[in-house]
Amino acid sequence: MTEGFTADWDDWLIEIKPNPTATCRLFCLPYNGGSITAFDTWPEALPETVAVYGIQLPGGVDRRHEAPLPTIDAVVQALVPPLLPYLDRPFALYGHSLGALVAFELACAMRQTGDRQPLHLFVGAWGTPHLPNPYPHLQHHTDAEIIAQILPLVDVPPTILSHAKTMQVLLPLLKTGAQLHEDYQYAPRDPLDCPISALRGEADQVITTAAIQAWQQHTCKGFQAQVFPGNHLFLHQAQSLLLDYLTQQLTPVTRS
């Protein structure tokens, strides 16, 4: 992790780099099996008006010794109270893969707290929530099948898949995270009153351009579908392009 984190490891929210003068907060949720370290370099590339925070879920990589919450609804209900004190400034949400689904539900929950909707919702590498989950359910497969057939779909590197000790640690975490989206049931609600950007990697084997285009029905404000070089984990492979895009979208709404 980078130096300068301002919260204990077990907290929900970690400020990646202290930025007390920022006029906007960007809350980031990593993919299943991923860490908020994915966002370590983001503060240097985004406008100085933006403070970057990583959100850590119980039972995930960053809080793997804690009991996981059973559903996305439970995650959101538990997350809203610690997040509320940080909503004294305008904010945006970025979620990648499973993190995108949580970010969407979090944005919907924020609407119930009053006038606290995000400036912008960025959802990466995940299809629209009202359509069926396109991934095989891990609970229906053996560990060997998950490693050989399913994890390659989300472009887990072969070097990790072939490392027995790493997989021994990673598989239980992945199953815990996968349970959240496997049990998820979309509840129809009014569109969000904020722009949505739906993003995918051009080589993603599961999430199609049509799947991200369908996010449009969840906003009554602006919508963009954007494709980046790379696969399911394009936030690593096309990081500079992604951060340029986020800067382009956030700069007009974060100026003092």
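Trainee: If you had to explain the overall build of the protein to someone new, which residues and values would you point to?
Mentor: The helix and strand inventory of the protein stands at nine helices and seven strands. The C-alpha radius of gyration computed for the protein amounts to 17 Å, which stays within 12% of the reference 18 Å derived for 256 residues, consistent with globular compactness. Each principal axis of the C-alpha distribution contributes one length, and for the protein these read about 55 × 40 × 35 Å. Looking at the protein residue by residue over its 256 residues, the buried ones come to 50%.

Trainee: Provide a residue-level description of the pattern of salt bridges, including the pertinent values.
Mentor: Where charged atoms from two side chains of opposite charge approach closely, those side chains can pair. Applying the stated criterion across every chain yields a total of six salt bridges. D88 is the partner of R25 in a salt bridge, and the nearest nitrogen-oxygen pair spans 2.5 Å. With a gap of 63 residues between them, R25 in strand β2 (residues 24–29) and D88 in the loop between α2 (72–83) and β4 (91–96) connect regions that are remote in the sequence. Note on D88: relative accessible area 56%, which makes it exposed. Close ionic contact of K221 with D193 constitutes a salt bridge, the shortest N to O distance being 3.0 Å. Of this pair, K221 sits in the loop between α7 (209–213) and β7 (223–228) while D193 sits in the loop between α6 (164–182) and β6 (196–201), and the two are 28 residues apart along the sequence. The partly exposed category is assigned to K221, whose relative accessible area is 46%.

Trainee: Account for the sheet that holds β7, naming residues and giving values.
Mentor: Reading across from one edge, β1-β3-β2-β4-β5-β6-β7 is the order of the seven strands in this open sheet, with mixed pairing throughout. Here the strands that pair on one side only, and so sit at the sheet edges, are β1 (13–15) and β7. With strand direction ignored, the average angle separating the axes of adjacent strands in the sheet is 20 degrees. One ladder, built from five bridges, connects β2 with strand β3 (residues 50–55); its direction is parallel. Looking at the pairing, F27 lines up with Y53 of β3. Together, β2, β3, β4 and β5 (121–124) form the strand contacts of helix α3 (residues 98–111), whose direction differs from that of β4 by roughly 150 degrees.

Trainee: I'd like a rundown of helix α9 (residues 239–254), residues and numbers included.
Mentor: Given a rise of 1.5 Å per residue, 16 residues ought to cover 22 Å, and the 21 Å separating the end C-alpha atoms of α9 matches this to within 8%. A bend of about 25 degrees at Q248 is the largest found in α9, and the proline P252 appears one to four places after it. Looking only at α9, the buried set comprises L242, L243, Y245, L246, Q249, L250 and T254.

Trainee: Could you give an account of the pairing of β3, naming the residues involved and the relevant values?
Mentor: Most of β3 is tucked away, with six of its six residues classed as buried. The sheet contact formed by β1 and β3 spans three bridges and is antiparallel. In the strand pairing of β3, L13 is matched with I55.

Trainee: How would you explain α6 if you had to name every residue and give the values?
Mentor: Residues lying three or four places apart along an α-helix face the same way, a consequence of the helix completing one turn every 3.6 residues. In this model α6 runs 25 Å from its N-terminal to its C-terminal C-alpha over 19 residues, within 8% of the 27 Å that 1.5 Å per residue would give. By the largest-angle criterion, L170 marks the main kink of α6, which is about 30 degrees, and a proline, P172, follows within four residues. All buried positions along α6 are accounted for by M167, L170, L171, L173, L174, G177, A178, L180, H181 and E182. Those residues of α6 that are buried are in contact with α2, α3, α4 (143–150) and α5 (158–161).

What counts, and at which threshold
Residues numbered from 1 in each chain as written. Predicted model: local features only at pLDDT ≥ 70, side-chain atom pairs only at ≥ 80, totals over all residues. Heavy atoms only, no water. Helix = DSSP H or I, 4+ residues; strand = E, 2+ residues; numbered from the N terminus. Rg over C-alpha atoms; globule rule 2.2 N^0.38 Å. Buried < 20%, exposed > 50% of the residue type's maximum accessible area, 1.4 Å probe, protein only. Salt bridge = Lys/Arg side-chain N within 4 Å of Asp/Glu carboxyl O. Pairing = 2+ DSSP bridges. Axes fitted to C-alpha atoms, helices over the stretch in contact; angles between N-to-C directions. Contact = heavy atoms within 4.5 Å. Expected span 1.5 Å × (residues − 1). Bend = angle between axes of the 7 residues up to and from the residue.

No statement about biological role is implied by the geometric values presented.
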